[in-house]
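Descriptive analysis of the structure
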Amino acid sequence: MDEVTGRFRIQTQSGSIYLLDLDRHEMCRFPATDDPERGLNLRRDGSPVRLLRIVECSINRSMHLLIDLAVPGVDATTRRTTPVTTIERVTPNLDHSGSEK
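As the structure is a computational prediction, the values presented were derived from the model and not from experiment.

Regarding unusual backbone geometry
Although it is not a glycine, Asn60 sits at a positive phi angle of roughly 70 degrees. Among the secondary structure elements, Asn60 is positioned in the loop between β4 (49-56) and β5 (62-68). On the accessibility criterion, Asn60 (64% relative accessible area) is exposed. Phi at Ala70 is positive, roughly 60 degrees, even though this residue is not glycine. For Ala70, a relative accessible area of 60% translates into the label exposed.

In structure tokens:
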């Protein structure tokens, strides 16, 4: 996964959307709008946070991320999702010359 670049839109079984920008090392989560448990919003939802590492991100498996929520005294936070239902590239895949593949 270290060689992958670009932006991705990932949807989970709960309906939450995660935008991962691998070039900027950022992640942003948007909870499902029709989630009956909407009171379970996570810290910094809707705001970009620093993405330290993608531990796991595969269809039908929980996504597992290591993120920095900029909480004093906390180096990193683990975030696990419900199983991933879709992974969609948001930006074109460019080769090193800048040409689309």
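Some thoughts on the pattern of salt bridges
Scanning the model with the defined rule gives three salt bridges in all. Here Arg7 ties to Asp21 by a salt bridge, and the two come within 3.9 Å at their closest N and O atoms. On the criterion of sequence distance, the pair formed by Arg7 in strand β1 (residues 7-12) and Asp21 in strand β2 (residues 17-21) is long-range, its members being 14 residues apart. Relative accessible area serves as the criterion here: at 33%, Arg7 is assigned to the partly exposed category. With a shortest N-O distance of 3.9 Å, Arg24 and Glu26 are connected by a salt bridge. Classification of Arg24 as exposed rests on a relative accessible area of 59%.

Parameters at a glance
- Residues numbered from 1 in each chain as written.
- Predicted model: local features only at pLDDT ≥ 70, side-chain atom pairs only at ≥ 80, totals over all residues.
- Heavy atoms only, no water.
- Helix = DSSP H or I, 4+ residues; strand = E, 2+ residues; numbered from the N terminus.
- Buried < 20%, exposed > 50% of the residue type's maximum accessible area, 1.4 Å probe, protein only.
- Salt bridge = Lys/Arg side-chain N within 4 Å of Asp/Glu carboxyl O.

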